[in-house]
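Geometric and topological summary
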Amino acid sequence: MSRESAESTCTAQLIDDERALSGWLARVSGQPRIALDAEGDGMFRYRARLCTVQLAVADEIAIVDTLAVSASAALGPLFGADGPEKIIHDASFDARMLQAYGAPLARVFDTAIAARFLGIAATGLSSLLAARFDIRLEKTHQQADWGKRPISEPMLRYLEEDVRHLELLYASLLEDVRAKDIEPEVREECAYVLSQALAGANSAGPSAPWMRIKGAGQLLPAQRALIRALAEERERIARLDDVPPGRLLSNDALLRLTLQSELNETLVRQALGSRASAHAECFIACLAQAAEVCDAPADEVQALCPTPPSLAQIETKKRRRKWLTEFRAREAASRGVDLQVVLPGHCLADIADLPALDREQLGQVSGFGACRLERYQTALATEFSARW
């Protein structure tokens, strides 16, 4: 895309009412595939909202303002299993947002996965379009607040360009995927990534905010009590102020406060920074209360720090992973494909936990798929069963 075209006026249709959305969907009905992208405002709100959905079919591009129009009922059939194939680049975020919105995705072809399985190092959309077609995307608005209205003309152009070239990229990648004879594995991984994203969207996750902080499980009991109190207070204030908890006070700042050998009001105020300093007295009060507590609740500690496996179990899994890694490398070299085509990392880890390598057990490994079951089950069982 030339500099001149990057500076041109947005040609996509901005849809902000149900009638316009119904008309656009009627015009593109029956298409075999549709390019899709979505934007939310999770970097700026306590609870992320779906702000826009961008759709492209051939030369028809629509930007749906999902804050202005209730679109879940209209988009549901399009995005579901009976709708066309959806071309998305890096589908996990979009899948979670659309699931929460009430229009869950199915039948997705993820161009980022296709690129990764082709062994391409730089799999970002901008990198792929630049390398394959010399198309340069403007990324100025990559971290914009998509909840602001009205949407400016430059932001509309950004949204338009993020879907305009997806079908072109899809066709190019799919040609290479088929030339490598890896389409079944690519589609299996697309389905796996989508299923994981939807499962994550449906899961509440750890109930206590402190349990989502990396490194919290390794703290001493009294420190766990402190970080739990800080995280709960951060969550309360962030909810009231409608800001992401991490923007109010980072996880690193919480950990630094927790690890202080002695806490006083000056240290707390320094650690809070400019955004959270207005709430210094609240954090100081919660720390004073937490200092009287010996530990976080036992059920939370157990959930975050489960009983570790025995040394024998650790050694067994380590050996199995080594065997599977060597098997994967040989098969990838033999087929001339990327390692992930043979065994994605998540499959390798799950297989190492199996009690046996028979068809029933391997068939239950999420993301392994019928294509790998047919190709590799006999070879895996023959090579490893006796020493598994």
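Cut-offs used in this document
Residues numbered from 1 in each chain as written. Predicted model: local features only at pLDDT ≥ 70, side-chain atom pairs only at ≥ 80, totals over all residues. Heavy atoms only, no water. Axes fitted to C-alpha atoms, helices over the stretch in contact; angles between N-to-C directions. Helix = DSSP H or I, 4+ residues; strand = E, 2+ residues; numbered from the N terminus. Parallel < 35°, antiparallel > 145°, perpendicular 65-115°, else oblique. Contact = heavy atoms within 4.5 Å. Nonpolar A, V, L, I, M, F, W, Y, C, P; charged D, E, K, R; others polar. Phe/Tyr/Trp six-rings, centres within 6.5 Å; stacked < 30°, edge-to-face > 60°. Buried < 20%, exposed > 50% of the residue type's maximum accessible area, 1.4 Å probe, protein only. Lys NZ or Arg CZ within 6 Å of the ring centre and 35° of its normal. Salt bridge = Lys/Arg side-chain N within 4 Å of Asp/Glu carboxyl O. Core = buried A, V, L, I, M, F, W, Y, C linked by side-chain atoms within 4.5 Å. Pairing = 2+ DSSP bridges.

Quick look at the packing of helix α6 (residues 125–133) against helix α8 (residues 166–179)
Running from N to C, α6 and α8 point in directions that differ by 70°, and their axes come no closer than 11 Å. The orientation of α6 with respect to α8, classified from their angle, is roughly perpendicular. When α6 is examined against α8, the residues Leu-125, Leu-128, Leu-129, Arg-132 and Phe-133 are found in contact with a partner set consisting of Leu-166, Leu-168, Leu-169, Ser-172, Leu-173 and Asp-176. A per-class count over the contact of α6 with α8 returns eight nonpolar, one polar and two charged.

Notes on the packing of aromatic side chains
Note on aromatic pairs: each is described by the distance of the centres and the angle between the planes. All told, the structure shown has seven aromatic pairs when counted by the stated rule. On the basis of an interplanar angle of 5° and a centroid distance of 6.0 Å, the ring pair of Trp-323 and Phe-384 is categorised as stacked. Taken together, the residues span a long stretch of sequence, with Trp-323 in helix α16 (residues 311–335) and Phe-384 in helix α20 (residues 369–384) at a distance of 61 residues. Of the residues examined, Phe-384 reaches a relative accessible area of 1% and is grouped as buried. Taking the centre distance of 6.4 Å and the plane angle of 45° together, the rings of Phe-384 and Trp-388 count as tilted. Grouping residues by exposure puts Phe-384 and Trp-388 together as buried. Taken together through their ring pairs, the aromatic side chains of Trp-323, Phe-327, Tyr-376, Phe-384 and Trp-388 make up a single cluster. Directly above the aromatic system of Phe-44 lies the positively charged group of Arg-247, at a separation of 4.8 Å from the ring centroid. The positively charged end of Arg-387 is found above the aromatic ring belonging to Trp-323, 4.5 Å away from the centroid.

Quick look at the pattern of salt bridges
Side-chain pairs of opposite charge can arise whenever the charged atoms involved come near each other. Counted under the stated rule, the structure contains 27 salt bridges. Ionic pairing is found between Asp-41 and Arg-45, a salt bridge with its closest N-O pair at 3.5 Å. Taken individually, Asp-41 and Arg-45 each receive the classification buried, so the pair is uniform in this respect. Put simply, Glu-300 and Arg-228 hold a salt bridge, and the shortest N to O gap is 2.8 Å. Placement of the pair is Glu-300 in helix α15 (residues 298–304) and Arg-228 in helix α10 (residues 221–241), with a sequence separation of 72 residues. On the basis of relative accessibility, which here comes to 10%, the residue Glu-300 falls in the buried class. We classify Arg-228 as partly exposed; its relative accessible area is 24%. Because the salt bridges share partners, they merge into one network encompassing Arg-33, Glu-85, Glu-167, Arg-178, Glu-183 and Arg-187.

Focus: the nonpolar core
The biggest cluster of nonpolar side chains holds 60 residues, and the ones touching the most others in it are Val-186, Ile-351, Phe-368 and Leu-380. Here this core gets six residues from one element, more than from any other, and that element is α8. Once residues lying within four places of it in the same chain are set aside, the contact partners of Phe-368 are Glu-188, Leu-343, Cys-347, Ile-351, Leu-362, Leu-373 and Leu-380. The next biggest cluster of nonpolar side chains, apart from the first, holds 31 residues, and it includes Met-211, Leu-219, Val-268 and Leu-287.

Structural notes on the pairing of strand β4 (residues 60–65)
The element β4 is extensively covered by neighbouring structure, given that five of its six residues are classed as buried. Two strands pair when backbone bridges link them, and strand β1 (residues 13–15) and β4 are joined in this way by three bridges, in the parallel orientation. Bridged to Gln-13 within β4 is Ala-62. In the sheet, strand β3 (residues 50–57) pairs with β4 via six bridges, with the strands oriented antiparallel. Counterpart to Val-57 in the pairing with β4 is Glu-60.

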